[in-house]
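Now for the letters of each chain:
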Amino acid sequence: MAAADGSGGDYWARGGGVGGRIDRLVVENFKSYKGEQTIGPFVDFTAIIGPNGAGKSNLMDAISFVLGVRSAHLRGAQLKDLIYALDDRDKEARGRRASVRLFYRQPNQEELCFTRSITGGGGGSEYRINGSPVTWDQYNAKLRSLGILVKARNFLVFQVSPFVPFVIVYS
């Protein structure tokens, strides 16, 4: 990516960030995504465009969800509202699950996998790093070590114009 001063060069290489990037997402039964869907790979700057109802906001919600944003900030009253359901009968079915896996590529090309799942009828969250269960504090600490600050929401730029439906993922 070109430098803001026009001099060129890579922002991360100049010390502007920790240096990794989101590589891809795998969403499973999350909001409008039925079954398992792989989205990506993303590049340093990705714009996602499409008409209303195409799933752009749900993709943003999936990224926010896997990075630990609370359900109240994801256009859902409860976590179970984020699980894909065709109709009201589906919403009441037992054993419904949803998950989002985010694959994060570090500068050394090592890949980390962050997973957040909605578990059981109660709609609790489960967090995993590289497949191993961790507490929220451990999960958040690892994100912080990568420069991803959940409370600051410094990882996404939402729709920048009400007239042009698109989303930017800056990783």
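Just so you know, these numbers come straight off a predicted model, no measurement behind them.

Reading guide: rules and limits
- Residues numbered from 1 in each chain as written.
- Predicted model: local features only at pLDDT ≥ 70, side-chain atom pairs only at ≥ 80, totals over all residues.
- Heavy atoms only, no water.
- Helix = DSSP H or I, 4+ residues; strand = E, 2+ residues; numbered from the N terminus.
- Contact = heavy atoms within 4.5 Å.
- Areas by Shrake-Rupley, 256 points an atom, 1.4 Å probe, with all protein chains shown as cover.
- Buried < 20%, exposed > 50% of the residue type's maximum accessible area, 1.4 Å probe, protein only.
- Arc of directions from axis to C-beta.
- Core = buried A, V, L, I, M, F, W, Y, C linked by side-chain atoms within 4.5 Å.

A. Looking closely at the overall build of the chain. Helix and strand content of the chain: three helices and eight strands. In the chain, the order of α-helices and β-strands from amino to carboxyl end is β-β-β-α-α-β-β-β-β-α-β. Of the contacts made within the chain by residues no fewer than 6 positions apart, 53% connect residues no fewer than 24 positions apart. Surface summary for the chain: the accessible area is close to 9500 Å², and the carbon and sulfur share equals 51%.

B. Representation of helix α3 (residues 136-145). All of the buried residues along α3 are Tyr139, Asn140 and Leu143. The arc that holds the buried residues of α3, viewed along the axis, is 95°, so those residues lie on one side. Lining the buried residues of α3 we find α1 (56-66), β5 (111-119), β6 (124-129) and β7 (132-134). At the exit of α3 stands glycine 147, carrying a positive phi of roughly 85°.

C. Here's a closer look at the environment of asparagine 140. Here asparagine 140 is to be found in helix α3. Considered as a pair, asparagine 140 and valine 150 are 10 residues apart in the sequence and their alpha carbons are 7.6 Å apart.

D. Examining the nonpolar core more closely. Core analysis: the biggest nonpolar cluster contains 33 residues, and Leu25, Phe65, Val66, Val100, Leu102 and Phe114 have the highest contact counts within it. For this core, the secondary structure elements donating two or more residues are β1 (21-30), β2 (33-39), α1, β4 (98-105), β5, β6 and α3. For this core, the element with the highest residue contribution is α1, accounting for five residues. Not counting chain neighbours up to four residues away, the residues in contact with phenylalanine 65 comprise Phe30, Leu74, Leu79, Leu82, Val100, Arg116, Ser117 and Ile118.

Honestly, that's just the spatial picture; any functional story needs more than this.
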